[in-house]
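Read off the chains here:
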Amino acid sequence: MNKLKNNTLSLPNKNTIPQDSTSGLKVLLAEINHAKAKVLMNVLINEQYDIYHVAHSGVPLLRDVKQLNPDVIIIDIESPNRDMLENLNKISQFAPKPIVVFSEQQCANTTINQMVRSGVSAYVVGEVNQKRVKSIIDIAIARFDLFQTLKQELAETKQKLSSQKSIDKAKRWLMETKQLSEIDAYHFIRKVAMDNSQKMDDVAKNILSVASIF
C-alpha cells in the first residue's frame, strides 16, 4: 500500500495494480485532510481493503477512477458543494462506481437528493464507526449493483419499445403503399432482415427513410 506523503498519495501505475481476485476490494479514498485520511485508511485497512488515496475530490478524481478502476469510491468531506456534485455526475456518466460519502455536517434534503441522482450509494453523517464501515460499503455496493441492473433493464426496454415503434410504422407504410396485409408486411421486413443479416429495426428504419422521400 502507498504511504502518505505531503498530505497526498500518488496513484500506483495501473500496470502494477495487483489483479489477484482473492485480494481485498480496491477502495479509492478522496480526502484532502491528512489526519482524517490516516484515520479512514486505518479503519479500512483493518477490514482488509486495498486502499489508494488521493487528496482531492475535484475534476482529477474522474481520471483517477478510470486509471485505478476501484470497486468502491469513498469521499470524506465537511459538506458537499456544487463542484463535488458536478464531479460525481461525471463519474456516474463516464465511470460509474459505488460511491460512499462521509460528511461531518447534515446536508439539506435537496443536496441529498442531488447526491443520490449523482450516483451516491450511501451517505453517512458524523464520525466513521469502524464497526459499521464494512456493512456500509457492502450495502453501497449492493445498491449500486441493483441500480445498474435496473438501469440496464430500463435501457433495454426503451430500446425494444423504440424498435417496435419503428417496425409498426414501417408495416403501416408497406400496407398503405404496397397493399400488403399486416402479416405480409411483417414477413417482408423479417425476410429482408434475414437476407441481409440485419436487425428488423434497422430494416424498418431504412424503409421509413425511403418513405420520407415520397
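For the structure itself, look to the data block above.
To keep things clear, this report deals only with the structure shown in the data block. (Residues numbered from 1 in each chain as written. Predicted model: local features only at pLDDT ≥ 70, side-chain atom pairs only at ≥ 80, totals over all residues. Heavy atoms only, no water.)

Some words on the nonpolar core
With 22 residues, the main nonpolar core has Leu61, Ile75, Ile99 and Met115 as its most contacted residues. Listed by contribution, the elements that provide at least two residues to this core are β1 (26-30), β2 (50-54), α2 (60-68), β3 (72-77), α3 (82-94), β4 (99-103) and α4 (109-117). Core analysis: the second largest hydrophobic core is formed by 19 residues, Leu40, Val72, Ile74 and Ala122 among them. (Core = buried A, V, L, I, M, F, W, Y, C linked by side-chain atoms within 4.5 Å. Buried < 20%, exposed > 50% of the residue type's maximum accessible area, 1.4 Å probe, protein only. Helix = DSSP H or I, 4+ residues; strand = E, 2+ residues; numbered from the N terminus.)

Things to note about the sheet that holds β4
In spatial order, the strands read β2-β1-β3-β4-β5; together these 5 strands make up an open sheet with parallel pairing. If you trace the sheet from one side to the other, it starts and ends with β2 and β5 (120-125), each paired once. In this sheet, neighbouring strand axes are inclined to one another by 20° on average, regardless of whether the strands run parallel or antiparallel. Where β1 lies against β2, 5 bridges are found, and the strand directions are parallel. Paired with Lys26 across the two strands is Asp50, which belongs to β2. Packed on one face of the sheet, helix α5 (residues 130-177) meets β3, β4 and β5 and runs near 150° to β5. (Pairing = 2+ DSSP bridges. Axes fitted to C-alpha atoms, helices over the stretch in contact; angles between N-to-C directions. Contact = heavy atoms within 4.5 Å.)

A closer look at α4
When α4 is considered as a whole, its buried residues turn out to be Thr111, Ile112 and Met115. The buried residues of α4 occupy one face: seen down the axis, they fall within an arc of 100°. Every exposed residue of α4 that faces more than 90 degrees away from the buried side is listed here: Asn109, Thr110, Val116 and Arg117. Residues of α4 that are buried make contact with α3, β4 and β5. One or two residues past the end of α4 sits Gly119, with phi positive at roughly 105°. (Arc of directions from axis to C-beta.)

These results come straight from atomic positions and should not be treated as a statement about function.
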